[in-house]
Amino acid sequence: MVQRQRAGSGLFNHFFFDLMDEVFLKIRGLKKHFGSNRVLDGVDLDVARASVTTIIGKSGIGKSVLLKCLANLLTPDAGAIELEGQPIAKSRQSSDREAGVSFSYMFQNNALFDSMTAADNVALPLVEASKIKRAEIRDQVAEMLAHLELTDSAQRYPGELSGGMKKRVALARALITKPQLVLFDEPTTGLDPERKFGVFEMIADYRERFGFTALLVSHDIPEVFEISDKVAWLDEGIIKFFGPPSELNEDAESALSGFLNKANYGRKSNV
Amino acid sequence: MIRALGRSALTVVSELGEMSLFSMAALRGFVVQRHRLAKLVTAIHEIGVRCLPIVFTVGLFTGLVMGLQLYYTLVRLGAEAALGDAVGLSIVRELGPVLTALMVVGQAGSALASELGIQRNDEQIDALQTMGVDSKGYLVGARLVAAVLCFPMLTAIFDLVGIFGGYLTGSVLLGVDAGVYWHHIESSIGWDDVSGGFIKALAFGFITISICAYRGYNTHRKASFPGVRGVSESATRAVVWSSVSVLAADYLITSFLI
């Protein structure tokens, strides 16, 4: 694995760079297999606090499996996942959530409840998993919807919203608990180039505003590199490259270069 | 062949065990849920109120047919005065709880299995888990409690409407004296018959909604196909297994009660 230091993207101030020296999420030796198919075969990854780390790789290589293991939706066969030095299973408990150690997951297809309005979808984590009073939840939801320019759509159902608006509602729901870690599983799937850029901008903007750590899975190469501090290339069940996007094409003969060429990565100079 | 039988038996036992643990987890999850009362009221509306018209209609026609069939059987023996006993006991002891359960399975049970199957495919259940919400407690717990509360009430309504249906054909159409009919209803049906029917209804409520919820919730693991076909398979199997379970449980409970 090629291990690099410091993103150097120039997007964030000194406060963020100080925070980003600290390892927030630590994955060691993570393994997961389905039958005879070894999807993850010893993944090691250190994600710095308040950074945006993007996992890239071929389709079906196990990127979403990795995120689902982090979210406890799949149980790893082996390995350790630590969030702020604590096993991640402990960090997930609601009492810890209130203490500020929490994460959210933004699903590829948004996973919005279609029988609830946008506002109710956003409020759901607070209504069901916190002790915050109704009136306060209403205020927080209104504020979040306003931030994401969704105030006019608050009382509309997901079926009545456009793809981009659904993404924003899903993002609002992911951020309403003020999580420290947000896992994004292909957040731009099915969006046109303009909306894709809008979602990436939104993630970068809200990361700066709320200070969360973001772990993304994306196929949108090279667009996603513009907001990424680090890129992790998952191949054959392990992370084979980990470093800033600017160092992605250093070895033109490598398998990673082959993958990037196939992924249309020809705009290195723009990153 | 013996090996295959043994394997099937082990599968059934393991499924039953898994389903029992699922139901217990759902009830435990419901106890620690927030806004339990609101969820319970919604579930009672889904299982109880929405099923009321179908239970009422089926109860009425069952009573009408029972009155007709039993009248022509009893009249051959010169015992048409016993129509009230025959209609009342068969409805209160057997037909009321069993047909009510089958109707609720057809309406609320299949809807529950499909809804949970869709939510599973759409990753809504996963989303709940990532929010720190107990998905079994949130989606299933209230429905199980509502089923246990609603099935006996729906059965009581079925019994009353069915007995009235028997009166319509037996007395109004075929001429059995109304006083005789109602007197026999009153004198033949004892508290044991009524409570036996309610015990069955309680058991059927818990069993059927558990099966439907279990099949829907585990669509991704139990169905042979992914996507929409998986959901439809889950819903179909939920209804079939619930219906078979109602009849099997009816036999077991009846043999204990008699």
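Keep in mind that this is a model prediction, so the values were computed, not measured.

Asker: For this particular structure, what's the right way to read the overall build of chain B?
Answerer: From N to C terminus, chain B includes 10 helices and zero strands. Ordering the α and β elements of chain B from the N terminus gives α-α-α-α-α-α-α-α-α-α. Seen through its C-alpha atoms, chain B measures out along the principal axes to roughly 65 × 50 × 30 Å. Going through the 258 residues of chain B one by one, you find that 46% of them count as buried. Intrachain contacts of chain B at a sequence separation of at least 6 include 86% that bridge at least 24 residues.

Asker: Before we go on, may I ask you to explain the overall build of chain A in this structure?
Answerer: Scanning chain A from N- to C-terminus turns up nine helices and 11 strands. Counting across all 271 residues of chain A, residues that qualify as buried make up 44%. Long-range pairs, those at least 24 residues apart, make up 71% of the contacts in chain A between residues at least 6 apart in sequence.

Asker: What is the right way to read helix α2 (residues 63-70) of chain A from this model?
Answerer: What sets the pattern is the α-helix's 3.6 residues per turn: residues three or four places apart point alike. Residue and element names in this part refer to chain A. For α2, the tally of buried residues reaches eight of eight residues, placing the bulk of the element in the interior. Here α2 has its buried residues at Lys63, Ser64, Val65, Leu66, Leu67, Lys68, Cys69 and Leu70. One or two steps after α2, the chain reaches asparagine 72, where phi turns positive at roughly 65°.

Asker: How should the environment of A:Glu82 be read in this particular structure?
Answerer: Residues and elements named next belong to chain A. Within the fold, glutamate 82 resides in strand β5 (residues 78-83). It is 5.1 Å that separates the C-alpha atoms of glutamate 82 and lysine 26, two residues lying 56 residues apart in sequence. When sequence neighbours within four positions are dropped, the list of residues in contact with glutamate 82 reads Lys26, Pro87 and Ile88.

Asker: I keep staring at the interface of chain B and chain A and nothing clicks. Help me out?
Answerer: Interface size is commonly expressed as the accessible area that is lost once the parts come together. Each partner contributes to the interface: chain B provides 12 residues, whereas chain A provides 15 residues. Broken down by element, the residue count for the side of chain B that touches chain A peaks at five residues, all from helix α5 (residues 124-130) of chain B.

Asker: Looking at this model, I keep getting lost on the nonpolar core. Mind explaining?
Answerer: Taken as a class, soluble globular proteins show a tendency for nonpolar side chains to be buried jointly. A:Val122, A:Ala172 and A:Leu183 are the most contacted members of the largest nonpolar core, which totals 141 residues. Excluding residues that lie within four positions of it along the chain, A:Leu183 makes contacts with A:Leu67, A:Leu70, A:Ala71, A:Phe103, A:Tyr105, A:Met106 and A:Leu215.

Asker: Help me understand the packing of helix α6 (residues 135-173) of chain B against helix α7 (residues 178-188) of chain B in this model?
Answerer: Packed helix pairs are specified by the crossing angle of their axes together with the interaxial distance, meaning the distance between the axes. All names here are of chain B. Packing of α6 against α7 leaves a shortest axis separation of 10 Å and a crossing angle of 150°. By the angle between their directions, the pair α6 and α7 is classed as roughly antiparallel. Along this stretch, α6 crosses α7, giving a crossing that reads as right-handed. On the side of α6, the interface is formed by Ile163, Tyr167, Gly170 and Ser171, while α7 contributes Ala178, Tyr181 and Ile185. Partitioning the contact of α6 with α7 into residue classes produces five nonpolar, two polar and no charged.

Asker: Explanation requested: unusual backbone geometry in the structure shown.
Answerer: Most peptide bonds adopt trans geometry, and most residues besides glycine take a negative phi value. All names here are of chain A. Each neighbour pair has its own omega, and for isoleucine 221 with proline 222 the value is 10°, a cis peptide bond. In this structure, proline 222 sits in the loop between β9 (213-217) and β10 (230-235). For asparagine 110, which is not glycine, the phi dihedral falls at a positive 80°. Inspection of the secondary structure assignment puts asparagine 110 in the loop between β7 (103-106) and α5 (118-129). Not every positive phi belongs to a glycine, and glutamate 236 is a case in point at roughly 50°. Of the residues examined, glutamate 236 has 12 C-beta atoms within 10 Å and is grouped as exposed.

Asker: Explain the pairing of strand β11 (residues 238-243) of chain A here, please?
Answerer: Residues in a regular strand project their side chains so that they alternate between the two faces of the sheet. Residue and element names in this part refer to chain A. The sheet contact formed by β10 and β11 spans five bridges and is antiparallel. Following the sheet pairing, leucine 234 is matched in β11 by isoleucine 239. A loop of two residues connects β10 with β11, the two strands running antiparallel in sequence, and glutamate 236 in this loop sits at a positive phi of about 50°.

Asker: Just checking my understanding: could you explain the packing of helix α7 (residues 163-175) of chain A against helix α8 (residues 193-210) of chain A for this structure?
Answerer: Residues and elements named next belong to chain A. Two numbers describe how α7 lies on α8: the axes approach to 11 Å, and their chain directions differ by 20°. Taken together, the axes of α7 and α8 are roughly parallel relative to one another. Once α7 is placed against α8, the crossing between them reads as right-handed. Contacts from Gly163, Gly164, Lys167, Leu171 and Leu175 in α7 reach Arg195, Gly198, Val199, Met202, Tyr206 and Phe210 in α8.

Asker: How do you make sense of the confidence of the model for chain B when you look at a structure like this?
Answerer: Reading predicted coordinates in detail is not appropriate for stretches of low pLDDT. Overall, the predicted model of chain B reaches an average pLDDT of 93, with 100% of residues at or above 70. Predicted complex, confidence summary: ipTM 0.80, pTM 0.84.

Asker: Whenever I open this one, the environment of A:Asn109 confuses me. Can you help?
Answerer: As for its placement among the helices and strands, A:Asn109 is situated in the loop between β7 and α5. A tally of 15 C-beta atoms within 10 Å means that A:Asn109 is categorised as partly exposed. Those residues in contact with A:Asn109 that sit more than four places away from it in its chain are B:Asp122 and B:Glu123.

Asker: Looking at this structure, how should I read the sheet that holds β5(A)?
Answerer: Backbone-to-backbone hydrogen bonds pair the strands of a sheet. The strands run either parallel or antiparallel. Residue and element names in this part refer to chain A. Strand order in the open sheet made by the four strands is β3-β2-β5-β6, with antiparallel pairing throughout. A single partner strand is all that each edge strand has here, and the edge strands are β3 (37-48) and β6 (86-87). Where strand β2 (residues 23-34) and β3 come together, nine bridges link them in antiparallel fashion. Following the sheet pairing, isoleucine 27 is matched in β3 by leucine 45.

Asker: For this particular structure, what's the right way to read the confidence of the model for chain A?
Answerer: Residues and elements named next belong to chain A. Averaged over all residues, the pLDDT of chain A is 81; the fraction at 70 or higher stands at 83%. The least confident element of chain A, judged by mean pLDDT, is strand β1 (residues 2-3) at 43; the most confident is α5 at 93. Contacts for the low-pLDDT stretch residues 1-13, under 50 throughout, to residues beyond four places or in other chains number 22 contacts. Overall, residues 93-101 carries pLDDT values under 50, and its contacts beyond four positions in sequence, including any with other chains, amount to 15 contacts.

Asker: It is not clear to me how the environment of B:Gly175 should be interpreted in this structure. Could you clarify?
Answerer: Along the polypeptide, B:Gly175 turns up in the loop between α6 and α7. As a C-alpha pair, B:Gly175 and B:Glu80 span 95 residues in sequence and 9.8 Å in three-dimensional space.

Here is what the cut-offs are and how they apply
- Residues numbered from 1 in each chain as written.
- Chains lettered and ligands numbered in written order.
- Predicted model: local features only at pLDDT ≥ 70, side-chain atom pairs only at ≥ 80, totals over all residues.
- Helix = DSSP H or I, 4+ residues; strand = E, 2+ residues; numbered from the N terminus.
- Buried ≥ 20, exposed ≤ 12 C-beta atoms within 10 Å, placed from the backbone.
- Contact = placed C-beta atoms within 7 Å.
- Core = buried A, V, L, I, M, F, W, Y, C linked by C-beta atoms within 7 Å.
- Axes fitted to C-alpha atoms, helices over the stretch in contact; angles between N-to-C directions.
- Parallel < 35°, antiparallel > 145°, perpendicular 65-115°, else oblique.
- Left-handed = near helix turned anticlockwise from the far one by under 90°.
- Nonpolar A, V, L, I, M, F, W, Y, C, P; charged D, E, K, R; others polar.
- Pairing = 2+ DSSP bridges.
- pLDDT = per-residue confidence, 0-100.

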